[in-house]
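Examination of the molecular architecture
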Amino acid sequence: MPTIGIVIVSHSAKIAEGVVELARQMAPSTTLLAAGGTDEGGIGTSFDRISAAVATASAGGGAVVLCDLGSAILTSETVVDFLDDADKERVVIADAPLVEGAVAAAVAAETGGDLDQVAQAASSATGVADVHADERDLRGGDAVERSTTIVNASGLHARPAAELVKHASAFQADVTVNGVDAKSLLRIMGLNVGAGSTVAIMATGPDAEAAVDELIALIDGGFGEKA
Amino acid sequence: MTLDSTWVRAWIERTAEVVTAERHALSELDRQIGDGDHGENLARGFAAVRERMTELPDDAPPAVVVRLVATTLISTVGGAAGPLLGTAYLKAAAALGEARELDSDSVVSLLTAARDGIVLRGKADSGDKTMVDAWTPAVEAATESAGAGADPAAVLRSAADAAALGAASTEPLVARKGRASYLGDRAVGHRDPGAQSSSLIITAAADTAAESTKES
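What comes next concerns the included structure. Because the structure is predicted, anything quoted here is derived from the model rather than measured.

Looking now at the overall build of chain A. Scanning chain A from N- to C-terminus turns up nine helices and eight strands. Relative to its length of 227 residues, chain A is compact, with a C-alpha radius of gyration of 19 Å against a globular reference of 17 Å. On the principal axes, the C-alpha backbone points of chain A span a range of 55 × 35 × 30 Å. Taking all 227 residues of chain A together, the buried fraction comes to 50%.

Pasting the structure below:
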C-alpha cells in the first residue's frame, strides 16, 4: 500500500527539523521532511524548499503538510496551486497544531493510514492540554469493561501508546482507556500512565469483546518491552 | 495612447529602485507591528527579478514579464509578501493574456486581477489592515477613471493616489490578518507595511506610465 509522507513547514529550520526528529521517534519508516527557513537559512519560508519536500513526500500515496505561522500556510498553498490538478489532490495542508499534529499524523502514517486518515489525525490533535476534556462514559448498555495493570517499565509512553492506538483503531467499537478515546494517540499519551498503574478498558459496539481482549493481551504482554 | 512591454519593464525596474530605497522605512513599519523584515524581503525579491528580467528576450510580451515577476517573488521573498504579491502578479499576467498593448481597460483588468489574487491568497477583507486596503481603493479609482474615458497613464495616476490614501487609512485600524493581528489594539497608530509597499508599487506604475507617455 502506498504510504503517506509528511512535510513540516516552519519559519525556522530548527523548528522544522526538531519536529521531524520528534515525530520520527514514533514513525521510523515514514517519510518525514523538514522545510524550514529561507533559501539563505534565515527566518522565513521558501517556496522552493517546500516544493521539493512536497514532491518527495507525496511520491507514495500523497502528503500531509503541517505549517507554523500564517505565511508558512500562504507559501504552502501557493506551492499546491502550482501543482498539476492530479497532484493537487494528493496533498493536504492540515489545519493542525504543528507539534501535536505532526506526532499524531506520523503515527497515523506509520500505521498505514491513507491521506484522509493522516490529515484527520493531524487536525484532531487539538485540545490535548486536558485529555479528559471530552471524556466519554461508555458504561451501561452492552459495554464491555475490564481492568489490568501496566507491566512494562516505561508505561504508556510514546511507542506503547502508539501500539495501543494502532490496535484499538482496527476495531469498529468505541474504546476508551481510563475514559479517554483509545484511538487518539495524544490523549492516550496524555494519560501519563506509568508502570504498576491500573487501567480500565471499556468498549461498546459489535466487536467490543474482541477489542477489549486484544488490548488487555497487548498490555499484559508489556507491549513486547522488557518489564 | 497605450502602454506596452517597455512600460512593464520600466515599471518593474522602478519598483525595484523604490523598494530598495525605501527598504529601511518599510522594515521599520514592519518592526512596529510585524517581524521587521518586509523592506529587506521585497528589496531582495525585486533585485532577483531585475536580474532575471535581463534574461528575457527583448520582444517578450507584457504577460511574460509579469509572470517572471510572480515566480521570482514567490521563490525569493521569505515572508507572506512573497506568495501574496506573487499571486497578484501571476493573476495579473493571466489577465493580460497575449496582449502587447495595454489600453485603459487592460490596466483596470491588470489591477483588478492583482487585487483578486491577493484576496484569494490572503483571504483578507477591506479594513483588515492589510495590502488589500491599498489595492481595493486603487481598483475602484482606476475603474471609475477608465469609465470616464481617461488614458492609461491617468487611470494609473488615480489608482496610485487612491492606493496612497488607502495605505494611510490603515493607521487607525486594528489588524485582523497576519502577524499584526496578534497585537490587538497595539497595532493602532501604525501603518500597515504591506499596504505601504503596495502603494509604492502602484505609484511606480503611474510614474513610469507618465514618463512613457511623455516620450511617445
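Past the structure itself, the notes keep going.
Below, the discussion takes up the overall build of chain B. The helix and strand inventory of chain B stands at nine helices and zero strands. When its helices and strands are written in sequence order, chain B yields α-α-α-α-α-α-α-α-α. When each of the 216 residues of chain B is scored for burial, the buried share is 61%.

Residue and element names in this part refer to chain B. By the secondary structure assignment, glycine 194 is in helix α9 (residues 193-215). Classification of glycine 194 as buried rests on a count of 34 C-beta atoms within 10 Å. Residues glycine 194 and methionine 131 lie 63 residues apart in sequence; the distance between their C-alpha atoms is 4.7 Å. Among residues more than four places away in sequence, those in contact with glycine 194 are His38, Ala81, Thr130 and Met131.

A few words now on the sheet that holds strand β6 (residues 174-177) of chain A. Paired through backbone hydrogen bonds, the strands of a sheet run either parallel or antiparallel to each other. All names here are of chain A. Read across the open sheet, the four strands follow the order β5-β8-β6-β7; overall the sheet is antiparallel. A single partner strand is all that each edge strand has here, and the edge strands are β5 (144-149) and β7 (180-181). Across two bridges, β6 lies against β7 in antiparallel orientation. Paired with valine 177 across the two strands is valine 180, which belongs to β7.

Turning next to the environment of Ala25(B). Counting through the fold element by element, Ala25(B) comes out in helix α2 (residues 23-33). Along the backbone, Ala25(B) and Ala134(B) are 109 residues apart, and their C-alpha atoms lie at a distance of 17 Å.

What follows covers the sheet that holds strand β3 (residues 62-67) of chain A. Residues and elements named next belong to chain A. The strand order across the open sheet formed by four strands is β2-β1-β3-β4, and the pairing between neighbours is parallel. Each of the sheet's edge strands pairs with one partner strand only, and the pair in question is β2 (32-36) and β4 (91-94). Across the sheet, the axes of successive neighbouring strands diverge by a mean angle of 20°, strand direction being ignored. By the bridge criterion, five bridges tie strand β1 (residues 4-10) to β2 in an arrangement that is parallel. In the sheet register, serine 10 faces β2, and the bridge partner there is glycine 36. In this fold helix α1 (residues 13-24) packs onto β1 and β2, with an angle of close to 165° to the strand it touches most, β2. This element, helix α2 (residues 47-57), spans β1, β2, β3 and β4 of the sheet and lies at about 165° to β1.

So, about the nonpolar core. Ranked by internal contacts, the top residues of the largest apolar core, which has 145 residues, are Val7(A), Val64(A), Leu66(A), Ala105(A) and Ala159(B). Formed jointly, this core draws a minimum of three residues from each of two domains, domain 1 (4-123) and domain 2 (144-224) of chain A. Formed by five residues, the second largest nonpolar core is a distinct cluster that contains Ile33(B), Leu173(B), Ala180(B) and Ala187(B).

With that settled, consider the pairing of β4(A). All names here are of chain A. Where burial is concerned, the two faces of β4 agree: the one with Val91 and Ile93 and the one with Val92 and Ala94 are both buried. In terms of strand pairing, β3 meets β4 through four bridges, oriented parallel. In the sheet register, leucine 66 faces β4, and the bridge partner there is alanine 94.

Counting residues at the interface gives 13 residues for chain A and 14 residues for chain B. Elements that contribute at least two residues to the side of chain A that touches chain B include exactly α2 and α3 (70-81) of chain A. Of the residues forming the side of chain A that touches chain B, the biggest block, six residues, is contributed by α3(A). Each residue belonging to the side of chain A that touches chain B can be placed in one class, and the counts come to two nonpolar, nine polar and two charged.

Cut-offs applied
- Residues numbered from 1 in each chain as written.
- Chains lettered and ligands numbered in written order.
- Predicted model: local features only at pLDDT ≥ 70, side-chain atom pairs only at ≥ 80, totals over all residues.
- Helix = DSSP H or I, 4+ residues; strand = E, 2+ residues; numbered from the N terminus.
- Rg over C-alpha atoms; globule rule 2.2 N^0.38 Å.
- Buried ≥ 20, exposed ≤ 12 C-beta atoms within 10 Å, placed from the backbone.
- Contact = placed C-beta atoms within 7 Å.
- Pairing = 2+ DSSP bridges.
- Axes fitted to C-alpha atoms, helices over the stretch in contact; angles between N-to-C directions.
- Core = buried A, V, L, I, M, F, W, Y, C linked by C-beta atoms within 7 Å.
- Domains from an automatic or database assignment.
- Nonpolar A, V, L, I, M, F, W, Y, C, P; charged D, E, K, R; others polar.

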